[in-house]
Amino acid sequence: MSFELILPFFPEELRALLQDDSISDLMINGTTGVFADRGGVVGHIALSAPYANDRLQAAIERVARILGQDLTGQNPILNTRLPDGSRVAVVGAPSSINGPTLTVRKFNRWYTSDQLVEAGSFPQSVRDDVVELIRKRKNGIISGGTGSGKSTLMKALLDHVPMDERLVVIEQPAELKIAHPNAVRWEAVAAIPGQVAVTPSQLVAAALRHRPDRIIMGEIRDESGYDLLQAMNTGHGGTMATLHADSAVDALDRLADMALSARTNLDQTFVRSQTGRAVDFVLHCERDHKGRRRVRELITVSGYSHAEQRFLTEDKDVSFDPKEMRHFDHGYAVTSHSSQGLTSQRVLVNMDTDVHSDLINARFAYVSVSRASHDAQVFTNDASNLAERLSADMSKTSALDFGKHAAQVPSIATTQPQLSKQVNGLGLALSQ
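All of these numbers come straight from a predicted model, not from anything done at the bench.

### Points about the overall build of the chain
Counting its secondary structure elements, the chain contains 12 helices and 18 strands. When contacts within the chain are restricted to residue pairs at least 6 apart in sequence, those whose partners lie at least 24 apart make up 55%. Roughly 20200 Å² of accessible area belongs to the chain as shown, and the carbon and sulfur atoms make up 49% of that amount.

Below is the structure:
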């Protein structure tokens, strides 16, 4: 009883797309085109019978009313959900020039952490580390970009929270699938005629009075970050939340900035220190150019250094089995770290695309790139050197495998300018 609510108002072809389980995001750009996300790849959908702008506008207005909202010229933006958690976002006239823009984010399927491991999206060792942190009631953040799989990862990890614990789940809109019997689900809502706004900050404050074992926040978007930090720092362990960020450390920066926006009279260093105390780990996921969603970073947080003005973090190994490298055409980013404009990355660059199933018959160079100091170190891939270098950044098994296979391929020695040219040719920017 979800899409059945809105299907009658749309043309037949759009109904079929809304019911298509292979589509995760359906985007209707007014009358200029329909696009869909299938398997992480967005493509144009050609319709045999064009629809009129007036009919689309009327359909969306009726959908808004059914969902308890109102879409008018004075209120042209709509963000709501269907009963199953699917998101419905609309921007109408006068803001949307070529007719109303409608985007539906569908949750066709939820995954367990085992399924994510099997799919190659979540390294098993990292999953096990995170599960152990959850069982120890550590506070965690899941970060990533739009469509990177934050909600999917959150749900998969919540399955590992003991079923006898009481959860207070705060979302805007509500979308997570919660299996715990003693779970309270709250939804922040915007102000509409006849109804005042209920903000995430208000719900976080209210949650403290409802004896939660854990507070789960769907996404931190605004000054509610301050209230969440206060909850984390006052004995409410096991708190988890998601937020948009470019990296794991950037997630800490953004959380501190959002908290500071709620209390502008506070000292920035104090807020960052509170963030370093509150958050125990950050799990970062990304969606690559081919639509694959994967966990890219896991860092643990031990505090904030006032002297160095940075978060004290430790990178955990987030490496995949070498056999999975065959799925990458050019390069694979193993880990990355950034804070206050300084970025360093460790990248395995495939210098030859002739890759076989079990033997990676390619030349590899291990690049340590530091944008802060603008230098690069290149190590040849003889068996002992490569195994030694990889053992510091990859799992022991992966390092041994690479060392074993490296002995079967020619060694490569190259200068920084040559490597820079090769890397840029693969679309990987190397700082000069």
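Having seen the model, we can carry on.
### Some words on helix α5 (residues 150-158)
Most of α5 is tucked away: 8 of the 9 residues are buried. Every buried residue of α5 is accounted for by Lys150, Ser151, Leu153, Met154, Lys155, Ala156, Leu157 and Leu158.

### Structural notes on the nonpolar core
Counting 36 residues, the largest nonpolar core has Ile141, Ile170, Ile220, Leu243, Val279 and Val282 as the members making the most contacts within it. Listed by contribution, the elements that provide at least two residues to this core are β8 (167-171), α6 (200-207), β10 (214-217), α7 (224-232), β11 (240-244), α8 (248-262), α9 (268-278) and β13 (293-305). Broken down by element, this core gets its largest block of residues, 9 residues, from α8. Contact partners of Ile170, with chain neighbours within four places excluded, come to Trp186, Leu203, Val204, Ala207, Ile215, Ile216, Met217 and Gly218. In terms of nonpolar packing, the next biggest core, distinct from the first, is built from 28 residues, Ile134, Ile142, Ala156 and Val161 among them.

### As for the pairing of β10
Every second residue of β10 is oriented toward a common face, with Arg214 and Ile216 on one face and Ile215 and Met217 on the other, all of them buried. Here β8 pairs with β10 via 4 bridges, running parallel. In the strand pairing of β10, Val168 is matched with Ile215. As paired strands, β10 and β11 are joined by 2 bridges and run parallel to one another. For Met217, the partnering residue across the bridge sits in β11 and is Ala241. With α7 bridging β10 and the parallel β11, this β-α-β connection has right-handed handedness.

### Structural notes on the pattern of salt bridges
Applying the stated criterion to the full structure yields 18 salt bridges. Of the charged contacts in the structure, one is a salt bridge between Arg127 and Asp128, with a shortest N-O distance of 2.9 Å. A salt bridge links Glu165 to Arg137, with the nearest nitrogen and oxygen atoms 3.5 Å apart. Taken together, the residues span a long stretch of sequence, with Glu165 in the loop between α5 and β8 and Arg137 in the loop between α4 (124-135) and β7 (140-144) at a distance of 28 residues. On the accessibility criterion, Arg137 (30% relative accessible area) is partly exposed. In this structure, a network of salt bridges that share partners links the residues Asp114, Arg127 and Asp128.

How each quantity is defined
- Residues numbered from 1 in each chain as written.
- Predicted model: local features only at pLDDT ≥ 70, side-chain atom pairs only at ≥ 80, totals over all residues.
- Heavy atoms only, no water.
- Helix = DSSP H or I, 4+ residues; strand = E, 2+ residues; numbered from the N terminus.
- Contact = heavy atoms within 4.5 Å.
- Areas by Shrake-Rupley, 256 points an atom, 1.4 Å probe, with all protein chains shown as cover.
- Buried < 20%, exposed > 50% of the residue type's maximum accessible area, 1.4 Å probe, protein only.
- Core = buried A, V, L, I, M, F, W, Y, C linked by side-chain atoms within 4.5 Å.
- Pairing = 2+ DSSP bridges.
- Right-handed = clockwise from strand over helix to strand, strands pointing away.
- Salt bridge = Lys/Arg side-chain N within 4 Å of Asp/Glu carboxyl O.

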